[in-house]
Structure formats: C-alpha cells, structure tokens
Amino acid sequence: MDIIPEPGIGTALLQSHHPELAGSKLIVFSFSGGGSRVARMVGYAPDRILAALEYAPGHWEPIGIDTVKLPEAALSVPQFIIANGADNICGTQRP
C-alpha cells in the first residue's frame, strides 16, 4: 500500500483534467494503513481536503499513524479518528 501521498495516489487523486473536479474539496476516508494515508493527505493538500475520517488508522514502522506530521495550514482541517478501542485485535495500542 502506498501510504505517502506525494509519489502516488495523492497526486493522482488531485490532478484532474475535468474542470468540475480540478478544484473540488474532498472528504477522505479510509481504515488501517489507508487511515494513515488519509491523515497524510490532509498535510499534503490542506487546501483541497474538507475533512478526513480515519478508522483504526495504522501501518507498520516507520509510517504508522503516530508518525504523521502536519504543517500549520493543515491544522484547520477537521479530522475524525476512530481508535477502534472495543476491538480486541485492532485496539488503541500498537501490538
């Protein structure tokens, strides 16, 4: 899975030749490793992300959710992180 937005899905998702999509704001959602990607998308393109939902976000070292660093411009984008604390496999602590 490509977690870092710059070389892959981030640029592909945000580049469009359709004028109606080229500047649209996005609400992004994913889970597990994709949740880590969604959080990084907020930092990659805060001007294009309206909100982010991350469900049980994670990934292996060194690109887990605990390593996401957001620039100041991204701090105004609301993010809803669901930790999945009731699940005995994907809880609130890393294995």
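Remember, predicted model here, so these are calculated numbers, not experimental data.

(A) View of the overall build of the protein chain. A count of helices and strands for the protein chain gives three helices and three strands. When its helices and strands are written in sequence order, the protein chain yields α-α-β-α-β-β. For the protein chain, the proportion of contacts with a sequence separation of at least 24, taken over those separated by at least 6, is 70%. Per element, the accessible surface of the protein chain, about 6,100 Å² overall, is 62% carbon and sulfur.

(B) Seen up close, the side chain of S36. Tracing the sequence through the fold places S36 in helix α3 (residues 33-44). Each residue touching S36, except ones within four places of it in the same chain, is listed here: I3, P57, G58, I63, G64, I65 and V68.

(C) Region of the structure containing the sheet that holds strand β2 (residues 49-55). Strand order across the open sheet formed by three strands is β1-β2-β3, with parallel pairing between neighbours. Two strands close off the open sheet at either side, each with one partner strand: β1 (26-31) and β3 (79-82). Neighbour to neighbour, the strand axes of the sheet diverge by 10° on average, direction disregarded. Examined bridge by bridge, β2 and β3 share four bridges and lie parallel to one another. Bridge pairing links A52 to Q79 in β3.

(D) Fine view of the side chain of R48. Examined against the element boundaries, R48 turns out to sit in the loop between α3 and β2. With no salt bridge to any partner, buried R48 finds its closest opposite charge in D47, at an N-O distance of 6.1 Å. A polar atom in the side chain of R48 sits 3.3 Å from the backbone oxygen of L14. What R48 contacts, discounting residues up to four positions off in sequence, is L14, L21, A22, G23, S24, K25 and L26.

(E) Broad picture of the pairing of β2. Pairing of β1 with β2 involves six bridges; the strand directions are parallel. The residue bridging I27 from the neighbouring strand is A51, located in β2. The parallel pair β1 and β2 is bridged by α3, and the resulting crossover is right-handed.

(F) Geometry of a nonpolar patch on the surface. A grouping of F29, F31 and Y55 is seen on the molecular surface, where their side chains present a nonpolar patch of about 340 Å² in accessible area. For Y55, a relative accessible area of 32% translates into the label partly exposed.

Here is what the cut-offs are and how they apply
Residues numbered from 1 in each chain as written. Predicted model: local features only at pLDDT ≥ 70, side-chain atom pairs only at ≥ 80, totals over all residues. Heavy atoms only, no water. Helix = DSSP H or I, 4+ residues; strand = E, 2+ residues; numbered from the N terminus. Contact = heavy atoms within 4.5 Å. Areas by Shrake-Rupley, 256 points an atom, 1.4 Å probe, with all protein chains shown as cover. Pairing = 2+ DSSP bridges. Axes fitted to C-alpha atoms, helices over the stretch in contact; angles between N-to-C directions. Buried < 20%, exposed > 50% of the residue type's maximum accessible area, 1.4 Å probe, protein only. Lys, Arg positive; Asp, Glu negative; His and termini not counted. Salt bridge = Lys/Arg side-chain N within 4 Å of Asp/Glu carboxyl O. Polar contact = N/O pair within 3.5 Å; in protein donor to acceptor, adjacent residues only side chain to side chain. Right-handed = clockwise from strand over helix to strand, strands pointing away. Patch = residues over 30% accessible without salt bridge, like charges linked within 9 Å, V, L, I, M, F, W, Y side chains within 5 Å.

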